[in-house]
Amino acid sequence: MNFAFKYDLLVVGAGLYGAVVAHRAHKAGKRVLVIDRRSHTGGNCYCENNGNIFVHKYGAHIFHTSNKEVWDFVNQFVEFKPFIHSPLANYKGEIYPLPFNLNTFDALWGVKSAEEAKAKIEEQRLHLDHEPANLEEQALSLVGKDIFEKLIKGYTEKQWGRSCEELPAWIIRRLPLRFERNNNYFNDTYQGIPVGGYNPLIEGLLKGVEVQLDTDYFDHREKFDAMAERVLYTGELDRFYNYRFGKLEYRSLRFEEEQLQQKDFQGAAVVNYTDRETPFTRIIEHKHFEDRGAEHTVITREYPMEWSEGAEPYYPINNERNTSLYAKYRTLADAETKYLFGGRLADYKYYDMHQVVALALKADCEI
């Protein structure tokens, strides 16, 4: 330990990545301080207890992995309730099971066998003599007209704020099709929701670690840097370097939460609204993650929006411009000795929670 510094490690960001690294460093005997500009820990997996309904404040979070090391690690801190994610699609009042499987094809066309479904898709597929020029051509060449128009087009255009003809084909290089009746969205071995929401998981990870909330690193950067021998930064990499090369682009989200005095609203945790006219992409009904018999229900409508400074960055836009720009920032980051970088924002990648945990378990925590 270097006692010239008050802390061995400062962790900027109390989300899942920061919490796992902080836990490991603390367990190794390091002096750790975690700071976060929000008023709560947990980042985007933070939950709020509304009358025994655990509301996922930043969108639906379902933990799923086939990595036993990751699964065993998170289960040290909280009990996980088995949960099979089986979302539905609502297209102008028509309901279709997701992901695309024989139940979906049956609802679309009344087909009863894999052979019938494959024949219907082949009949509708766009047969190209060139590489798909955009997302629309890519999707039509993979799944055909009905699936594209009812289940992909409107949802995708809302999510990205652009028409499918303007979006690059690589966004959907493949679309998984199941020719069996299986509504389990994930293929992973382990799937679940922590009992009591995600807060107990984060609290377990940060037990014994000093945490300061409502604290923005950039308000007192020099002071915080002087307090610790090493700094783990989990925020936006371009902001760390004061946007030296320009700003990376994101899509953001706005959440509209509503409490209803009825036991059930939609009968499922997640329903996607796939038509273009409905302004939101999905409705989450939180009690279906862990139903404790509440007499009311809480729903959240999710509205995609353009990101601007001050809004929460959710989805990186990994086009050529941003990929090139991020590479410049990453070159600077890789040359640092005092600073470590990791997590969704610092890596400019969309990660599922199990991927975040796996990366944090491999992170260099040596001080």
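Fair warning: this is a prediction, and the values are worked out from it, not measured in the lab. (Residues numbered from 1 in each chain as written. Predicted model: local features only at pLDDT ≥ 70, side-chain atom pairs only at ≥ 80, totals over all residues. Heavy atoms only, no water.)

Caption draft 1: Highlighting the packing of helix 1 (residues 16-27) against helix 12 (residues 353-362). Two elements in contact, helix 1 and helix 12, have axes separated by 9 Å at closest approach and are oriented at 30°. The angle between helix 1 and helix 12 falls in the class roughly parallel. Considering the relative orientation of helix 1 and helix 12, their crossing is right-handed. In this structure, helix 1 uses Leu16, Tyr17, Val20, Val21 and Arg24 to contact helix 12, whose residues at the interface are Met353, Val356, Val357, Leu359, Ala360, Leu361 and Lys362. (Axes fitted to C-alpha atoms, helices over the stretch in contact; angles between N-to-C directions. Helix = DSSP H or I, 4+ residues; strand = E, 2+ residues; numbered from the N terminus. Parallel < 35°, antiparallel > 145°, perpendicular 65-115°, else oblique. Left-handed = near helix turned anticlockwise from the far one by under 90°. Contact = heavy atoms within 4.5 Å.)

Caption draft 2: Layout of helix 5 (residues 135-143). In terms of burial, helix 5 is a largely internal element, 8 of the 9 residues being buried. Downstream of helix 5 by one or two residues, glycine 144 has phi in the positive range, about 90°. (Buried < 20%, exposed > 50% of the residue type's maximum accessible area, 1.4 Å probe, protein only.)

Caption draft 3: View of the sheet that holds strand 10 (residues 210-212). Strand order in the open sheet formed by 5 strands is 10-2-1-11-17, and the pairing between neighbours is parallel. Across the chains shown, the open sheet's two edge strands, defined by having one partner strand only, are strand 10 and strand 17 (339-341). Averaged over all adjacent pairs, the angle separating strand axes in this sheet is 20°, with direction ignored. In this structure, strand 2 (residues 32-35) lies alongside strand 10, joined through 3 bridges in parallel fashion. The partner of leucine 33 across the bridge, within strand 10, is glutamate 210. (Pairing = 2+ DSSP bridges.)

Caption draft 4: Broad picture of the nonpolar core. Counting residues in hydrophobic clusters, the biggest one holds 53 residues, and the most contacted among them are Leu10, Phe100, Phe105, Ile147, Ile152, Tyr217 and Phe341. It is helix 6 (residues 145-160) that contributes the most residues to this core, 5 residues altogether. Each residue touching leucine 10, except ones within four places of it in the same chain, is listed here: Leu33, Ile35, Tyr217, Phe224, Ala228, Arg230, Val231 and Leu232. In this structure, Val32, Cys45, Ala60 and Tyr198 belong to the second largest nonpolar core, which totals 47 residues. (Core = buried A, V, L, I, M, F, W, Y, C linked by side-chain atoms within 4.5 Å.)

Caption draft 5: Inspection of the side chain of threonine 281 at higher detail. Position of threonine 281 relative to the elements: it lies in the loop between strand 13 (270-273) and strand 14 (282-285). Aside from chain neighbours lying at most four places away, what touches threonine 281 is Tyr155, Lys158, Gln159, Val271, Asn272, Tyr273, Glu302 and Pro304.

Caption draft 6: Structural context of the packing of helix 3 (residues 102-109) against helix 6. Between helix 3 and helix 6, whose axes approach to 12 Å, the crossing angle comes to 100°. What the angle tells us is that helix 3 and helix 6 run roughly perpendicular. Packed against helix 3, whose contacting residues are Thr104, Phe105, Leu108 and Trp109, the element helix 6 presents Asp146, Ile147, Lys150 and Leu151 at the interface. Looking at the contact of helix 3 with helix 6, its residues break down into 5 nonpolar, 1 polar and 2 charged. (Nonpolar A, V, L, I, M, F, W, Y, C, P; charged D, E, K, R; others polar.)

Caption draft 7: Looking closely at helix 3. Most of helix 3 sits inside the fold, with 7 of its 8 residues counted as buried. Of the residues making up helix 3, those classed as buried are Leu102, Asn103, Thr104, Phe105, Asp106, Leu108 and Trp109. Each element contacted by the buried residues of helix 3 is listed here: strand 8 (94-97), helix 4 (114-124) and helix 6. For helix 3, the N-terminal capping position is held by asparagine 101, with its side-chain oxygen 2.8 Å away from the main-chain nitrogen of asparagine 103. At the C-terminal side of helix 3, glycine 110 shows a positive phi close to 75°. (Polar contact = N/O pair within 3.5 Å; in protein donor to acceptor, adjacent residues only side chain to side chain.)

Caption draft 8: Spotlight on unusual backbone geometry. Each neighbour pair has its own omega, and for leucine 98 with proline 99 the value is -5°, a cis peptide bond. At asparagine 52, a position not held by glycine, the phi torsion is positive, near 75°. Tracing the chain through its elements places asparagine 52 in the loop between strand 3 (47-50) and strand 4 (53-56). Its identity as a non-glycine residue notwithstanding, tyrosine 243 has a phi of 55°, on the positive side. Its location among the elements puts tyrosine 243 in the loop between helix 9 (237-240) and strand 12 (250-260). In this structure tyrosine 243 comes out as buried when scored by relative accessible area, which is 18%.

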